[in-house]
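The lines below spell out each chain.
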Amino acid sequence: MATLLIKRAQVVATMNDAQQELTDASIFIRDHVIEAVGSSDSLPDTADRVIDARGHVVIPGLINTHHHMVQSLTKAVPVSQNAELFAWLKGLYPIWAGLTPEMVRVSTQVAMAELLLSGCTTTSDHLYIYPNGVRLDDSIDGARAIGMRFVATRGSMSVGESQGGLPPDHVVEKEDVILKDTQRLIETYHDDSFGAMLNVSVAPCSPFSVSQDLMRVSAELARSYGVRLHTHLAENDHDLAYSQAHFNCTPTRYAADLGWVGEDVWHAHCVKLDDEGISLFAATRTGVAHCPCSNMRLASGIAPIRKMVDAGVPVGLGVDGSASNDAAHLLNEARQAMLLARVGRAMQAPEIRDGRTFLGCDLGPAEMTPRDALRLGTRGSATVLGRARDIGQITPGYCADLALFKMDSLGFAGGAVHDPVGALLLCASAQANHVVVNGHVVVDTGHLTTVDLPVLVEQHNRLAVQLVRSAGA
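Throughout, a residue's number is its position along its own chain's written sequence, starting from 1. At least 70 in pLDDT is required for a residue's local features to be given in this predicted model, at least 80 for side-chain atom pairs to be given and counted, and no such filter applies to totals for whole chains, interfaces and linings, which use all residues. Side-chain measures were taken over the full set of non-hydrogen atoms in the model, leaving aside hydrogen atoms and water.

Student: Please give an account of the pattern of salt bridges that cites residues and values.
Tutor: We count a salt bridge whenever a side-chain nitrogen from Lys or Arg sits within 4 Å of a carboxyl oxygen from Asp or Glu. Under the counting rule described, the total for this entry stands at 30 salt bridges. Between Arg105 and Asp138 there is a salt bridge, with the nearest N and O atoms lying 3.4 Å from each other. Of this pair, Arg105 sits in helix α2 (residues 101-117) while Asp138 sits in helix α3 (residues 136-146), and the two are 33 residues apart along the sequence. Across the pair Asp326 and Arg297 runs a salt bridge, and its minimum N-O distance is 2.8 Å. With Asp326 in the loop between β13 (315-317) and α11 (330-348) and Arg297 in helix α9 (residues 292-297), this pair connects stretches of sequence that are 29 residues apart. Salt bridges sharing partners connect three or more residues here, namely Arg135, Asp137, Arg154, Glu173, Asp181 and Arg184. Each helix corresponds to a stretch of at least 4 residues labelled H or I by DSSP, and each strand to a stretch of at least 2 residues labelled E; elements are numbered beginning at the N terminus.

Okay, here's the thing in structure tokens:
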């Protein structure tokens, strides 16, 4: 079996149960699994491939719990630049109606390339629009070629404008077609073994685009196969108003009544999750994908993440769609989660809210520390995706998913010398120098090894122009 040695790292932030941060440490990998972690002098000195990690911080591969990768084709489209969620969607649905299988494959690889270069090794994707012969298989093909660990969610929309939904009628599907295709995908692709490179999940899009019947039956289908469930919930005030007007309940009640709570469920955003929802999610171990950049970009609000984590809600990080974030840099997402939590806390502090200032006022510990944020993007995200047993930490027996960041770059100057791990989150968000997925080096000295990136970007840009022009946008 092939061996890989990550040799003499400046720091290895293991994210293990003891939260160990090891200096002058090495990691020995055999085939796809971490075999040993510890002092460099105590580990083997050679392997089939050796990466000199001096001057690097090594962290577990980051894990992205929510994305819409096809939206890479509509980054910065003018119609989307200044809108909140519902207006943003209404402006983009007509453009996305022109998606083709080629566009899905290429945009998937572009989004994954961005993620990999940011130190992310596992990602989910929520594809919920299927025009012109598009299938989830197109995303899966793209992921396999680029070498990223993938949770592919079969999204869906079934309630169009004529039935009171948000999407136009021509982009929704019939529910029997959705369920049949979802079953096909699970039976064809889902792998629940240790270290699986591909999982399939069931993911009706949102309360304002699918029926309650589809939500119930989708949950039953998922549980009959032992796969996970995913959707959007409580994203902004309009989302709350829609649930109240159409279902006469809060999003929390909506989810609970339809069977959408439990350890096998994770919801995106939950910016407006109420106290009842936080308590219910904590009691049932229902997960949340926190997407701070998107929540700011669409003016959705500040999710009460500290409150959720303290209550026991599993929380991970997501970059969300590329057209509501315009980037897919998961280390930066962790940084933004930390900063946004601190802003939210300051807004709630009575000394500030009441306009009173006190010399030497101490508001206490930060709402979120750099290590808290890093934990959300590793251990937290692994739990949310149901993968806590094999990814999310650097521990013997776990999958060899790692990200290495070089500390002598300009962005870390003056920071890494004090606290290299803290600098990852406090200084400018860097690109990874090396990324290992399942024991394979997929980013080597800052370059992707699995795709020709310039060719991919050229192809993607051509398709992006074609997509937007065809919609007359």
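Student: Any chance you could break down the pairing of strand β11 (residues 265-269) for me, citing the residues and the numbers?
Tutor: Here's how the labels work: a residue is buried when its accessible area is under 20% of the maximum for its type, exposed when over 50%, partly exposed in between, all with a 1.4 Å probe on protein chains only. Counting buried positions over the five residues of β11 gives five, a clear majority of the element. The pairing criterion is simple: DSSP has to find at least two bridges between the two strands. Two strands pair when backbone bridges link them, and strand β10 (residues 229-233) and β11 are joined in this way by five bridges, in the parallel orientation. Across the sheet, the residue bridging to Leu229 is Val265, located in β11. Relative to strand β12 (residues 287-290), β11 runs parallel, the two being bridged by three bridges. Looking across to β12, one finds that His267 is bridged to Val288. The parallel pair β11 and β12 is bridged by helix α8 (residues 275-284), and the resulting crossover is right-handed. Handedness of a crossover is defined as follows: with both strands directed away from the viewer, a clockwise route from the first strand across the helix to the second makes it right-handed.

Student: If you had to explain unusual backbone geometry to someone new, which residues and values would you point to?
Tutor: Backbone geometry places Asp24, a non-glycine residue, at a positive phi of 45°. If you trace the backbone, Asp24 turns up in strand β2 (residues 21-30). You can call Asp24 partly exposed: its relative accessible area is 35%. Positive phi, normally seen in glycine, also occurs at Ala234, with a value near 50°. For Ala234, the position within the fold is in the loop between β10 and α6 (237-247).

Student: Tell me about the packing of α2 against α3, and please be specific about residues and values.
Tutor: The axes of two packed helices give the description: the angle between them and the distance between them. In contact at an axis separation of 8 Å, α2 and α3 are set at 40° when each is read in the N-to-C sense. Relative to α3, α2 is oriented oblique. Judged by the sense of rotation from one axis to the other, the crossing of α2 with α3 is right-handed. Seen from α2, the contacting residues are Pro101, Val104, Arg105, Thr108, Gln109, Met112, Ala113 and Leu116; seen from α3, they are Asp138, Ser139, Asp141, Gly142, Ala143, Ala145 and Ile146. Residue classes follow a fixed rule: Ala, Val, Leu, Ile, Met, Phe, Trp, Tyr, Cys and Pro count as nonpolar, while Asp, Glu, Lys and Arg count as charged, and any other residue, Gly among them, counts as polar. Counted by class, the contact of α2 with α3 contains eight nonpolar, four polar and three charged residues. Orientation is described by axes fitted as lines to C-alpha atoms, over the contacting stretch for helices, and by angles from 0 to 180 degrees between their N-to-C directions. The scheme is simple: roughly parallel for angles under 35 degrees, roughly antiparallel for over 145, roughly perpendicular for 65 to 115, oblique for anything else. The crossing is said to be left-handed when, going from far helix to near helix, the turn is anticlockwise and less than a right angle, and right-handed when the turn is clockwise. Throughout, a residue-residue contact means that at least one pair of heavy atoms, one from each residue, lies within 4.5 Å.

Student: Let's hear about the packing of aromatic side chains: which residues, and what values?
Tutor: For Phe, Tyr and Trp, rings pair up if their centres lie within 6.5 Å, where Trp contributes its six-membered ring, and each pair is then called stacked (planes under 30 degrees apart), edge-to-face (over 60) or tilted (otherwise). Counted by the stated rule, this structure contains six aromatic pairs. Arranged with centres 6.2 Å apart and planes meeting at 80°, the rings of Tyr93 and Trp96 form a pair that is edge-to-face. With Tyr93 and Trp96 both in helix α1 (residues 85-96), this residue pair falls three residues apart, about one helical turn. With respect to burial, Tyr93 and Trp96 carry one shared label: buried.

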